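# Overview (structure and organization)
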Amino acid sequence: MHEYGREVLFDPLGIGPTDWYADNGGELIAASGLRMTPRDFARIGELTLRGGVWKGRSVVPAEWIARSTSPLVHIAEERHYGYQWYNLDFTMETPTISRSNQRLWNAAGNGGQRLTVFPGLDLVVVTTAGNYNAKDNNLPPLRIITDVVMPSLL
């Protein structure tokens, strides 16, 4: 699986070295354990933002990107789940952007690893943290977005 990922996704995106955690039997854990730099992780967000196209080349079918980032399962009032992507609305306001709801999709990992894509803002945000197995592991990435990223969009 790692070689396949390297061939069809990582190399076409120019992603550097990666490591993928395997279980005790040597099988890769598909849903987690993939390690790469935050900058490389952002490339995956950029790929989804561009509908599967990277530098003019279709790497992932646009239909798959649209389907996987669409809300498919209702979780809570404003939160849904697609294929490995959470979907929600984020209310924001800056001095130059009127109060509005921005749709986002978000890949969330344990500890505060987040890849958040704001298609309406043409924005990808990656956060990494070490808040593993904590109930509030979503708070540091959320605070980075609300307290740092959004106010900087002037």
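Above this note sits the structure.
This section reports on the structure supplied with the text. (Residues numbered from 1 in each chain as written. Predicted model: local features only at pLDDT ≥ 70, side-chain atom pairs only at ≥ 80, totals over all residues. Heavy atoms only, no water.)

For the rest of this paragraph, the subject is the overall build of the protein. In terms of regular secondary structure, the protein is built from four helices and 10 strands. When its helices and strands are written in sequence order, the protein yields α-β-β-α-β-β-α-β-β-β-β-β-β-α. Over its C-alpha atoms, taken along the principal directions, the protein stretches across nearly 50 × 40 × 30 Å. With 154 residues in all, the protein has 32% of them scored as buried. Excluding contacts between residues fewer than 6 apart, the proportion of contacts in the protein whose partners are at least 24 apart in sequence is 33%. When the accessible surface of the protein is totalled, it reaches about 9,300 Å², and 53% of it is carbon and sulfur. Put simply, the protein has 14 plus and 16 minus side-chain charges, and the middle of one group is 3 Å from the middle of the other. (Helix = DSSP H or I, 4+ residues; strand = E, 2+ residues; numbered from the N terminus. Buried < 20%, exposed > 50% of the residue type's maximum accessible area, 1.4 Å probe, protein only. Contact = heavy atoms within 4.5 Å. Areas by Shrake-Rupley, 256 points an atom, 1.4 Å probe, with all protein chains shown as cover. Lys, Arg positive; Asp, Glu negative; His and termini not counted. Charge placed at Lys NZ, Arg CZ, Asp CG, Glu CD.)

Pairing is antiparallel across the open sheet formed by six strands, whose spatial order is S5-S6-S7-S8-S9-S10. Edge positions in the open sheet fall to strand S5 (73–76) and strand S10 (123–127), since each of these has one partner strand only. Sheet twist, expressed as the mean angle between neighbouring strand axes with direction ignored, is 30°. With four bridges joining them, strand S8 (residues 100–108) and strand S9 (residues 114–118) adopt antiparallel strand pairing. Across the sheet, Trp105 pairs through a bridge with Val117, a residue of S9. Against the sheet, helix H4 (residues 139–152) touches strand S7 (86–92), S9 and S10, its axis set at about 130° to S10. (Pairing = 2+ DSSP bridges. Axes fitted to C-alpha atoms, helices over the stretch in contact; angles between N-to-C directions.)

A surface patch of nonpolar side chains, about 440 Å² in accessible area, is lined by Trp64, Leu72, Val73, Ile75 and Tyr83. Assessed through its relative accessible area of 47%, Val73 is described here as partly exposed. (Patch = residues over 30% accessible without salt bridge, like charges linked within 9 Å, V, L, I, M, F, W, Y side chains within 5 Å. Salt bridge = Lys/Arg side-chain N within 4 Å of Asp/Glu carboxyl O.)

On to the nonpolar core. With 17 residues, the main nonpolar core has Leu13, Ile15, Ile44 and Leu47 as its most contacted residues. Mapped by element, the contributors of at least two residues to this core are helix H1 (2–13), helix H2 (38–49), S8 and S9. Looking at this core element by element, the count peaks at three residues for H2. With nine residues, the next largest nonpolar core counts Leu104, Leu123, Ile145 and Val149 among its residues. (Core = buried A, V, L, I, M, F, W, Y, C linked by side-chain atoms within 4.5 Å.)

Where charged atoms from two side chains of opposite charge come close, those side chains can pair. If you walk through the whole model with that rule in mind, you get five salt bridges. The partner of Arg50 in a salt bridge is Glu46, with the nearest N and O atoms 2.9 Å apart. With a relative accessible area of 39%, Arg50 lands in the partly exposed category. Overall, the relative accessible area of 26% leaves Glu46 in the partly exposed class. Connected through salt bridges with shared partners, the residues Glu46, Arg50 and Asp122 form a single ionic network.

No statement about biological role is implied by the geometric values presented.
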